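Structure at a glance
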Amino acid sequence: MPAMIARVLGDGFRVFFLSAGLFGLFAGGAWGVWLTTQTGLVDYEYPTYAMSPPMWHAHEMIFGYATAALGGFLLTAVPNWTGTPEARAQFIVIAAGIWLAGRIAMWFSGALPPGLVAVFDLAFVPILAAKIASQLIRRPKPQNMIFLLLLSYFWIASLLIHLDWMGITGGTLDIGLRVGLLTLCSMIAILGGRITPAFTRNAMKRAGEPEAAWPVSVAALDKASMGLALLLPLSVFLFGLGKIAGGAAVALGITQILRMSRWRARWAIRQPILVALHLGLGMLALGLVLWGVAVLGIGSEIGALHVLGIGCVGGMTLAVMSRAALGHSGRALVAPPPMAVAYGLMASAAILRWVGSVTDQGYLVMMLVSDGLWISAIILYLITMWPALTGPRIAS
């Protein structure tokens with residue numbers, strides 16, 4: 001047991017990917033319990049947190065679950081990008097403790113001063129940003145430095161939420177939640193646009209596929225995607241939910257579809273660990289178009305947000321965390337069957353949640369089933385990836 005704890009706390013991907021899974025299970029379960037009370041079959045007791053249950057759920061999925069996954073990815077990927085040493089175990093323990101303190105403060109926010117809750121919750125992202133900035137500055141490539149700007153968007157979004165909760169501002173809660181989610185989607189558009197065609201190309205090369213069949217990246221589309229990814233959350237910051245934000249979302253979604261059309265998704269179907277990346281980015285494109293047109297007045301905005309939150313963020317975090325856990329623990333990059341099922345369950349949860357939002361009947365039931373699919377996907381992830389996240393590295 002001590003050796004396992006030392007391993008988990010010694011690698012950023014281990015502690016944060018494990019934390020993301022465990023917290024995703026807890027948060028999904030807590031949300032399911034509250035939804036069950038809305039059926040009238042279970043007595044409702046007001047929770048320990050200060051905000052409404054839907055607001056706690058929204059905040060913690062974006063700034064709790066997703067932030068843990070993001071931290072694990074950046075602490076692992078940035079040293080590879082820059083050729084710098086990975087973070088030491090002491091930093092990882094401190095950073096993980098600060099992330100956990102934020103989750104505890106949010107859960108018990110009903111008994112704590114709102115300013116103190118904000119301090120604990122807002123502390124993790126600046127520490128993460130400072131660490132990766134110290135590494136990125138060694139090789140300050142614009143395509144990597146851009147993530148510091150996006151992390152700034154993300155932190156300001158959470159700040160706007162806390163300022164609203166503290167009564168300092170009015171009307172910034174909804175903007176903060178949307179900017180936080182859209183910033184995550186922007187990061188996924190940029191990162192996914194790098195790794196998905198690259199990993200597919202590598203797999204096709206290993207399989208002996210001719211070079212003419214490999215994925216193709218179009219520079220003009222890549223640049224447009226990056227520009228729109230930066231513009232979208234900023235447009236919501238500056239102009240709110242209007243034509244500019246809706247148009248930017250639709251434009252980014254269509255650009256993403258055009259990019260993906262050249263990435264050989266049909267071939268990737270043979271390998272679940274690859275198709276999960278394509279599926280997550282497909283959910284990104286679909287969710288952006290749905291959200292953009294909803295902001296412009298057509299369709300359910302809440303439903304579209306859940307396509308992005310569950311299908312894109314949930315799907316891509318599972319895809320990336322499982323791949324990184326396998327690769328960095330010396331295991332073959334082959335998704336075990338239960339993990340492949342988890343990818344499908346996450347996508348199904350997103351679609352079902354969207355369907356529930358655009359129909360008049362069975363909304364609560366569909367929310368419960370969608371939450372159950374989320375929980376099932378996370379459980380399969382934890383069971384399947386547990387050896388990779390807690391066990392010793394396998395020598396190649």
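Nothing here was measured: the structure is a model prediction, and the numbers come from that model.

**Some thoughts on the layout of surface pockets**
A volume near 650 Å³ is recorded for the largest pocket. Around the largest pocket sit 26 residues that line it, and P54, H57, A58, H306 and R353 are the ones nearest its centre. Mapped onto the lining of the largest pocket, the elements with two or more residues apiece are α3 (53–82), α8 (173–206), α13 (301–328) and α15 (363–390). Examining the composition of the lining of the largest pocket, we find that eight residues originate from one element, α3, more than from any other.

**Considering the packing of helix α2 (residues 12–37) against α3**
At their nearest, the axes of α2 and α3 sit 8 Å apart, and the two run at 165 degrees to each other. Relative to α3, the element α2 lies roughly antiparallel. Regarding α2 and α3, the two cross each other, and that crossing is left-handed. Residue classes in the contact of α2 with α3 are distributed as 19 nonpolar, eight polar and one charged.

**Things to note about the packing of aromatic side chains**
Going through the model one piece at a time under the given rule, you end up with 15 aromatic pairs. Taken together, a centroid distance of 4.8 Å and an interplanar angle of 35 degrees make the contact between F63 and F154 tilted. Of the two residues, F63 is situated in helix α3 and F154 in helix α7 (residues 142–165); the sequence distance between them amounts to 91 residues. The two residues F63 and F154 agree in class, both being buried. In textbook terms, an aromatic cluster arises when at least three aromatic residues are bridged by ring pairs, as seen for F23, F26, Y49, W56, W99 and W107.

**Let's talk about helix α4 (residues 89–107)**
In this model, α4 (19 residues) spans 27 Å end to end at C-alpha, consistent with the 27 Å of a helix rising 1.5 Å per residue. Buried positions along α4 lie against α1 (2–10), α2, α3, α5 (114–122), α6 (124–136) and α7.

**So, the nonpolar core**
Generally speaking, a soluble globular protein has its nonpolar side chains buried in company with each other. Ranked by internal contacts, the top residues of the largest apolar core, which has 120 residues, are F16, Y65, L284, W291, L318 and Y381. Counting residues per element, this core draws most heavily on α13, at 15 residues. Residues in contact with Y381, not counting those within four places in the same chain, are F17, L18, G21, L318, M321, S322, M339, W386 and L389. Ranked by size, the runner-up nonpolar core spans six residues in total, among them A203, W214, W267 and A268.

**Section: the pattern of salt bridges**
According to the stated counting rule, one finds seven salt bridges in the structure shown. Close ionic contact of R103 with E60 constitutes a salt bridge, the shortest N to O distance being 2.7 Å. Taken together, the positions of R103 in helix α4 and E60 in helix α3 put the pair 43 residues apart, joining distant regions of the chain. Across the pair, exposure class does not vary: R103 and E60 are buried alike. Here E209 makes a salt bridge to R270, at a shortest N to O gap of 3.7 Å. Within this pair, whereas E209 is found in the loop between α8 and α9 (219–239), its partner R270 is found in the loop between α11 (265–268) and α12 (272–295), the two being separated by 61 residues in sequence. Residue classification places R270 among the exposed residues on the basis of a relative accessible area of 59%. Each of E60, R103 and D121 takes part in a single network of salt bridges with overlapping partners.

Calculation notes
Counting of residues starts from 1 at the beginning of each chain's written sequence and follows it residue by residue. Predicted model: local features are reported for residues with pLDDT of at least 70 only, side-chain atom pairs are reported and counted for 80 or more only, and whole-chain, interface and lining totals are derived from all residues. Water and hydrogen atoms play no part in the side-chain values, which are based on all heavy atoms of the structure. Cavities and pockets were defined on a 1 Å grid built over protein atoms only: a cavity is a set of grid points that admits a 1.4 Å probe from which the probe cannot escape, a pocket is an open set flanked by protein on both sides within 12 Å along at least five of seven lines, and lining residues are those with an atom within 4 Å of any such point. Grid points are joined across faces, edges and corners, and a volume is the space filled by probe spheres set on the points. Here a strand is any run of E in DSSP of at least two residues, a helix any run of H or I of at least four, and the numbering for each starts at the N terminus. Angles run from 0 to 180 degrees between N-to-C directions of axes, and those axes are lines fitted to C-alpha atoms, restricted for helices to the stretch in contact. For classification purposes, an angle smaller than 35 degrees is called roughly parallel, one larger than 145 roughly antiparallel, one from 65 to 115 roughly perpendicular, and anything else oblique. Working rule for handedness: look at the near helix, and if it is turned counterclockwise from the far one by less than a right angle, call the crossing left-handed; if clockwise, right-handed. Asp, Glu, Lys and Arg are counted as charged, while Ala, Val, Leu, Ile, Met, Phe, Trp, Tyr, Cys and Pro are counted as nonpolar; the rest, among them Gly, fall into the polar class. Two rings belonging to Phe, Tyr or Trp (six-membered ring only in the last case) form a pair when the distance between their centres is within 6.5 Å. Interplanar angles under 30 degrees mark stacking, angles over 60 mark edge-to-face geometry, and anything in between is tilted. Per-residue accessibility, obtained with a 1.4 Å probe over protein chains only, is compared with the maximum for each type, and a residue is labelled buried under 20%, exposed over 50%, and partly exposed between these values. A helix is expected to span 1.5 Å multiplied by its residue count minus one. Contacts between residues were defined by any pair of non-hydrogen atoms, one from each residue, lying within 4.5 Å. Buried Ala, Val, Leu, Ile, Met, Phe, Trp, Tyr and Cys residues form a nonpolar core when they are joined through side-chain atoms within 4.5 Å. Salt bridges, as used here, are contacts in which a Lys or Arg side-chain nitrogen is within 4 Å of a carboxyl oxygen on Asp or Glu.

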